[in-house]
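These are the residues of each chain, in order.
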Amino acid sequence: MKQGSSESIADRPPKLLDQMRMRIREKHYSLRTERAYVYWARWYIRFHGLRHPKEMGGPEIQAFMSFLVNERHISGSTHTQALCALLFLYKSVLEIDLPWIEGIHRPKRPPKRPVVLTPQEVNLVFAQMTGVHKLFAQMLYGTGMRLSECAGLRIKDVDFQRREITIREGKGGKDRVTMLPLSLVAPLREHIEQSRLLWHEDRTSLRPGVMLPHALERKYPKAGEQLGWFWVFPSDHESTDPRSGIVRRHHIYQQTVQRAIKRAVEAAKLTKPATTHSFRHAFATQLLESGYDIRTVQELLGHTDVSTTMIYLHVLNKGGRGVTSPMDQASLQA
């Protein structure tokens, strides 16, 4: 009896949210995207009294999105994320046609000016930082990498001879190359030597190798134990892999870097709401100020569309779009 019941449980199809997770992983979406999509799908189902999404459609999605906008006051970007999650649920998981999608209201996202730090402000922030967090922030500023890209950097992707860093699977799954600043070569070499000690400790203790992308872990089972695949910025402790359940060393926790930079910005007494991404904005703006071509900056940042890069043309340190104020002209003539 027990054996029969266990077989019947095993024969049951996976639950809807588990199906969604599997489909997301088949498409090689990031863990962050997986968690966000499952979060919105679960909320949508609970909002409608645990009804199955197959029983619902356009009106129910519209009601849920209206609730998020009017009651929860979500931003335009959050609205887009929630709607994309529900569209993924219907189109890719349930495989339901969406002829009513055009009728769903999508709020316009007003363009926002990025928070850009001047070189002086950047130095003030660096002066309040030490150790690995300082080097991490300097890497963000000196290379234009995103927080997740720098955290996930592997030792094999740092080329000291050519002074290049290869960024694997950045936003949109694209690879690109950026420069390694000459001023960071020595401190980064020293830091990687410390990372090598952690790698050696893991190998001596016979711990599992680091996580590898996609199916590489099955194709090359021992690759995760090689030094080249080890993290440039490893965590100082082990953690459980959220997908495989394996306990091993992951890269540095992104939130710890965000907190360290936030404390440094406050200690530097800056009035700008600077974050980790502000270093990337400063990188792009200062390259354009130095006269580099916008296409070059686009490639270094990994932007698909040059119009995304062009936003930095409007925040160059010329004040008021480079227009001379009548007050200044009057002062010159006085």
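Before reading further, recall that the structure is shown in the block above.
Residue positions are given per chain, counting from 1 as you read along its sequence in written order. This being a predicted model, a pLDDT of at least 70 is required before a residue's local features are given, and a value of 80 or more before pairs of side-chain atoms are given or counted; all residues contribute to the totals for chains, interfaces and linings. Heavy atoms throughout the structure, all of them, feed into the side-chain values; hydrogens and water do not.

So, on to the environment of H277. The helix and strand labels rest on DSSP assignments: H or I over at least four residues marks a helix, E over at least two residues marks a strand, and numbering proceeds from the N terminus. The residue H277 is located in helix α12 (residues 276-289) in this model. The spatial distance from the C-alpha of H277 to the C-alpha of R146 is 6.7 Å, given a sequence separation of 131 residues.

It is worth spelling out the side chain of T309 at this point. You can see T309 is positioned in helix α14 (residues 306-309). Among the polar contacts made by the side chain of T309, one reaches the side chain of H303 at a distance of 2.8 Å. Counting of polar contacts relies on pairs of N or O atoms within 3.5 Å, with two restrictions inside protein: one atom must be capable of donating a hydrogen and the other of accepting it, and residues adjacent in sequence are counted only when both atoms are side-chain atoms.

It is worth spelling out the packing of helix α7 (residues 131-143) against helix α11 (residues 254-267) at this point. In this analysis an axis means a line fitted to C-alpha atoms, helices contributing only their contacting stretch, and an angle means the value between N-to-C directions, from 0 to 180 degrees. Direction vectors running N to C along α7 and α11 enclose 90°, while the axes themselves pass 10 Å from each other. Relative to α11, α7 is oriented roughly perpendicular. Listed contacts from α11 to H133, F136, A137 and L140 of α7 are T256, V257, A260 and I261. Under the grouping applied here, Gly and all other residues not named as nonpolar or charged are polar, the nonpolar ones being Ala, Val, Leu, Ile, Met, Phe, Trp, Tyr, Cys and Pro and the charged ones Asp, Glu, Lys and Arg. Broken down by class, the residue content of the contact of α7 with α11 amounts to 6 nonpolar, 2 polar and no charged. Each angle gets one of four labels, with under 35 degrees taken as roughly parallel, over 145 as roughly antiparallel, 65 to 115 as roughly perpendicular, and the rest as oblique. Contact definition: two residues touch when any of their heavy atoms are within 4.5 Å.

With that settled, consider the sheet that holds strand β3 (residues 176-179). Spatial ordering of the open sheet is given by β1-β2-β3, a layout of 3 strands whose pairing is antiparallel. Here the strands that pair on one side only, and so sit at the sheet edges, are β1 (158-159) and β3. Whether two strands pair comes down to DSSP finding at least two bridges between them. Where strand β2 (residues 164-167) and β3 come together, 4 bridges link them in antiparallel fashion. Each bridged residue has a counterpart across the sheet, and for I167 the counterpart in β3 is R176.

Centres within 6.5 Å make a pair out of two Phe, Tyr or Trp rings, where for Trp the six-membered ring is used; the pair is then stacked when the planes are under 30 degrees apart, edge-to-face when over 60, and tilted otherwise. One pass over the full model with this rule turns up 14 aromatic pairs. Ring plane angle 75° and centroid distance 5.0 Å describe the contact between Y39 and W40, whose orientation is recorded as edge-to-face. Throughout this description, buried means an accessible area under 20% of the type-specific maximum (1.4 Å probe, protein chains only), exposed means over 50%, and partly exposed covers the range between. With relative accessibility at 44%, the residue Y39 sits in the partly exposed group. Judged by relative accessible area, W40 falls into the buried class, the value being 5%.

The complete set of buried residues in helix α2 (residues 16-26) reads L16, L17, M20 and I24. In an axial view of α2, the angular spread of the buried residues amounts to 95°, which keeps them on one side of the axis. Where the residues of α2 are buried, they touch α3 (31-47) and α5 (76-93). In the segment just after α2, H28 is the residue with positive phi, at about 60°. Think of the arc as the fan of directions from the helix axis to the C-beta atoms.

Moving on, we come to the environment of R295. With respect to the secondary-structure elements, R295 resides in helix α13 (residues 294-301). Look at R295 and you get partly exposed, because its relative accessible area is 48%. Along the primary structure R295 and D305 are separated by 10 residues, whereas in three dimensions their C-alpha atoms are 9.8 Å apart.

By secondary structure assignment, the location of Q254 is in helix α11. Accessibility expressed as a relative area gives 16% for Q254, which makes it buried. Along the chain, Q254 and G152 lie 102 residues apart, while their C-alpha atoms are 9.6 Å from each other. If sequence neighbours within four positions are ignored, Q254 has contacts with R32, L147, S148 and A151.

On to helix α4 (residues 58-70). Residues spaced three or four apart along an α-helix face the same direction, because each turn holds 3.6 residues. Here α4 spans 18 Å end to end across 13 residues, near enough to the 18 Å set by a 1.5 Å rise per residue. Of the residues making up α4, those classed as buried are G58, E60, I61, F64, M65, F67 and L68. Multiplying one less than the number of residues by 1.5 Å gives the expected span of a helix.

Moving on: the nonpolar core. As used here, the term nonpolar core means buried Ala, Val, Leu, Ile, Met, Phe, Trp, Tyr and Cys residues forming a set that is joined through side-chain atoms within 4.5 Å. In terms of nonpolar packing, the biggest core is built from 48 residues, with F136, M139, L188 and F279 touching the most fellow members. For this core, the secondary-structure elements that each account for two or more residues are α6 (119-126), α7, α8 (147-151), β2, α9 (182-204), α11 and α12. Ranked by residue count, the leading element in this core is α7, at 6 residues. Among residues more than four places away in sequence, those in contact with L188 are L135, M139, V158, F160, L180 and V232. Formed by 30 residues, the second largest nonpolar core is a distinct cluster that contains I24, I45, L68 and F88.

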